[in-house]
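Below are the chains, spelled out letter by letter.
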Amino acid sequence: MCKTEYLPGQVTYTCPRDGGNLDVELDYDTIRQKFQPGDLTSRSEGSLWRYLPLLPVPDPGGEGTPLRAAGWTPVFTLKRLAEKLGLERVWLKDESRNPTASFKDRASAVVVARAREIGAEVIVTASTGNAGAALAGMCAAVGQKAVIFAPKSAPPAKVAQLLVFGAKVILVDGTYDEAFDLTIQAAQEFGWYCRNTGYNPFTAEGKKTGALEIWEWYHQIKDGMVKNGEAPSEAPLTVFVSVGDGNIIAGIHKGFKDLMALGWMEKMPRIIGVQAEGSAAIANAFEAGTEKIIPISAQTIADSISVDLPRDGVRAVRAARETGGTYIRVSDDEILQAIAALGPLGIFAEPAGATAYAGLVKAAKQGVVKAGDPILVLNTGSGLKDVGAAMKAVSAALVIEPTLEAVKRIL
Ligand SMILES: *Cc1c(COP(=O)(O)O)cnc(C)c1O
């Protein structure tokens, strides 16, 4: 990365000099002069827009629409599962509660705000499904036009979302990576504004709002511990994130870095990336001690993190390396087991959503996390997105004749 700096109007996507992804730099001094943390955390806005002063976009409006409902997702305790893993303090932030049921709404909401600011008429994105559904949904909320390129193999529920939200849907007979490159060409050709993950610097800015919420939530948890006479853990919060392109983990890291730069957070959380064994280009680079991402031929049941060439690999490696974190790989079987483990707590995750929890199970076994460590796992997407995979995680329901005798026989 060449460290060249540009003004907002000078660049739209990646660095013209070296092609790297761009980081948005905030004016930390001005923010610090104008705001105290309490000015944000006391806001009544129950969405990611409560953090508007830390976002590089103006207020997009859209009151009373789903655009105003992205983010601000609940955190659940995983007490019963934690005990089984020999852990004490484990929580899950459930991103399936976003308006289109995945973490991607955060990025799409902020990209839509940017599109409105620059007067873009059409927004386009490549997607394995969720980014497209999120863009289609956020655009629909405010009457903006969306074009989505997705691989033909995307799960039907995700394609249904795209169509129902009224986007122009183009299914590509190829991989996500091919759809990605095609989208960039189409955007240039037709003058569309391109949301592609990582390529558009505003996606990470949207995703960082997950970290801002974690910061606000964890403050309350620690206050609660003090009130209960418990000593808050000395260990930093450990956050588990599933990783495909690497933009969520990079965005989470960026959010924490912003808070550190403002002096609003004492301790940088430890960020652990979890990849599917069959789609682990970033874990490969992390373990090799480099930032050079070598493409692979991805294969995993977790379609949302099935990526040949991760588009935010460098920053994704750094998110773990610069926070004392690491990368963990899990098999498709372990991902399915994670879906089955979370379900009985009332949490329904798609494979890529359950991947972070599968990583925690492995990390606990390997001693990467210790009993008293405070741990937050992200569920990035809803199980309703891919019921085919969900059915593989559980045994089939029993079918009987409609008689009481038959009921007795099976009980
Ligand atoms: C996109 C996505 C991810 C991974 O995010 P990246 O930025 O590609 O690393 C994980 N889980 C779900 C459900 C997703 O949709």
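Residues numbered from 1 in each chain as written. Predicted model: local features only at pLDDT ≥ 70, side-chain atom pairs only at ≥ 80, totals over all residues. Heavy atoms only, no water.

Caption draft 1: Fine view of the overall build of the chain. Tallying secondary structure elements over the chain gives 15 helices and 10 strands in all. Radius of gyration (C-alpha) of the chain: 21 Å, near the 22 Å computed for a compact globule of 411 residues. When the backbone C-alpha atoms are referred to their principal axes, the chain occupies close to 70 × 55 × 45 Å. A burial count over the chain gives 58% of its 411 residues as buried. For the chain, the proportion of contacts with a sequence separation of at least 24, taken over those separated by at least 6, is 70%. Of the roughly 17300 Å² of accessible surface on the chain, 53% is carried by carbon and sulfur atoms. Placing the 43 positive and 46 negative side-chain charges of the chain at their respective mean positions leaves the two points 2 Å apart. (Helix = DSSP H or I, 4+ residues; strand = E, 2+ residues; numbered from the N terminus. Rg over C-alpha atoms; globule rule 2.2 N^0.38 Å. Buried < 20%, exposed > 50% of the residue type's maximum accessible area, 1.4 Å probe, protein only. Contact = heavy atoms within 4.5 Å. Areas by Shrake-Rupley, 256 points an atom, 1.4 Å probe, with all protein chains shown as cover. Lys, Arg positive; Asp, Glu negative; His and termini not counted. Charge placed at Lys NZ, Arg CZ, Asp CG, Glu CD.)

Caption draft 2: Layout of the packing of helix α4 (residues 104-118) against helix α5 (residues 130-142). The geometry of α4 relative to α5 is characterised by a closest axis approach of 8 Å and an angle of 45 degrees between their N-to-C directions. Judged by the angle between their axes, α4 and α5 are oblique. In the crossing of α4 with α5, the sense of the turn from one axis to the other is right-handed. On the side of α4, the interface is formed by Lys 104, Asp 105, Ser 108, Ala 109, Val 112 and Arg 116, while α5 contributes Asn 130, Ala 131, Ala 134, Leu 135, Met 138, Cys 139 and Val 142. Looking at the contact of α4 with α5 residue by residue, the classes come out as eight nonpolar, two polar and three charged. (Axes fitted to C-alpha atoms, helices over the stretch in contact; angles between N-to-C directions. Parallel < 35°, antiparallel > 145°, perpendicular 65-115°, else oblique. Left-handed = near helix turned anticlockwise from the far one by under 90°. Nonpolar A, V, L, I, M, F, W, Y, C, P; charged D, E, K, R; others polar.)

Caption draft 3: Representation of the sheet that holds strand β4 (residues 145-151) in the model. Strand order across the open sheet formed by four strands is β5-β4-β3-β6, with parallel pairing between neighbours. Looking at strand neighbours, the two that pair on one side only are β5 (168-172) and β6 (193-194), the edges of this open sheet. Alignment of β4 against β5, held across five bridges, turns out to be parallel. When the bridges of β5 are listed, Val 147 appears paired with Lys 168. This element, helix α7 (residues 176-190), spans β3 (122-126), β4, β5 and β6 of the sheet and lies at about 155 degrees to β3. (Pairing = 2+ DSSP bridges.)

Caption draft 4: Inspection of the packing of aromatic side chains at higher detail. Within this structure, the stated rule accounts for eight aromatic pairs. An angle of 75 degrees between the planes, with centres 5.2 Å apart, marks the rings of Trp 91 and Trp 217 as edge-to-face. One end of the pair, Trp 91, is in strand β2 (residues 89-94); the other, Trp 217, is in helix α8 (residues 201-227), and 126 residues separate them in sequence. On the basis of relative accessibility, which here comes to 12%, the residue Trp 91 falls in the buried class. (Phe/Tyr/Trp six-rings, centres within 6.5 Å; stacked < 30°, edge-to-face > 60°.)

Caption draft 5: Structural view of the nonpolar core. Leu 54, Ile 252, Phe 256 and Tyr 327 are the most contacted members of the largest nonpolar core, which totals 45 residues. Those elements giving two or more residues to this core turn out to be α1 (28-34), α8, β7 (238-242), α9 (247-262), α10 (281-288), α11 (313-321) and β10 (374-379). Here the element with the most residues in this core is α8; it accounts for eight residues. Residues in contact with Ile 252, not counting those within four places in the same chain, are Phe 103, Lys 207, Lys 208, Gly 210, Ala 211, Ile 214, Ile 271 and Leu 378. (Core = buried A, V, L, I, M, F, W, Y, C linked by side-chain atoms within 4.5 Å.)

Caption draft 6: Just the packing of α5 against helix α6 (residues 156-164), in detail. α6 packs onto α5 with a crossing angle of 20 degrees between their chain directions and a minimal axis gap of 8 Å. Looking at the two axes, α5 sits roughly parallel to α6. Remark: the crossing between α5 and α6 carries left-handed chirality. Within the contact between the two elements, α5 uses Asn 130, Gly 132, Ala 133 and Ala 136 and α6 uses Lys 158, Gln 161 and Leu 162. Taken together, the residues of the contact of α5 with α6 sort by class into three nonpolar, three polar and one charged.

Caption draft 7: View of the pairing of β7. When you tally the buried positions in β7, you get five out of five residues, the bulk of the element. Of the two faces of β7, the one carrying Thr 238, Phe 240 and Ser 242 and the one carrying Val 239 and Val 241 are both buried. Sheet topology places β7 next to strand β8 (residues 270-276); five bridges connect them, and they run parallel. Of the residues in β8, the one forming a bridge with Val 241 is Gly 273. Considered for its hand, the β-α-β crossover made up of β7, α9 and β8 is right-handed. Sheet topology places β7 next to β10; three bridges connect them, and they run parallel. Its bridge partner lying in β10, Phe 240 is registered against Val 377. (Right-handed = clockwise from strand over helix to strand, strands pointing away.)

Caption draft 8: Layout of the site of the ligand. As a matter of local geometry, the ligand sits amid 16 residues, with Lys 104, Gly 244, Asp 245, Gly 246 and Thr 380 nearest to it. Note that an oxygen atom of the ligand is positioned 2.8 Å from one of the backbone N or O atoms of Asp 245. Within the backbone of Asn 247, one N or O atom sits 2.9 Å away from an oxygen atom of the ligand. Its free accessible area being 380 Å², the ligand has 98% of it covered by the protein chains. Looking at the shell around the ligand residue by residue, the class counts come to four nonpolar, eight polar and four charged. (Near = heavy atom within 4 Å. Polar contact = N/O pair within 3.5 Å; in protein donor to acceptor, adjacent residues only side chain to side chain.)

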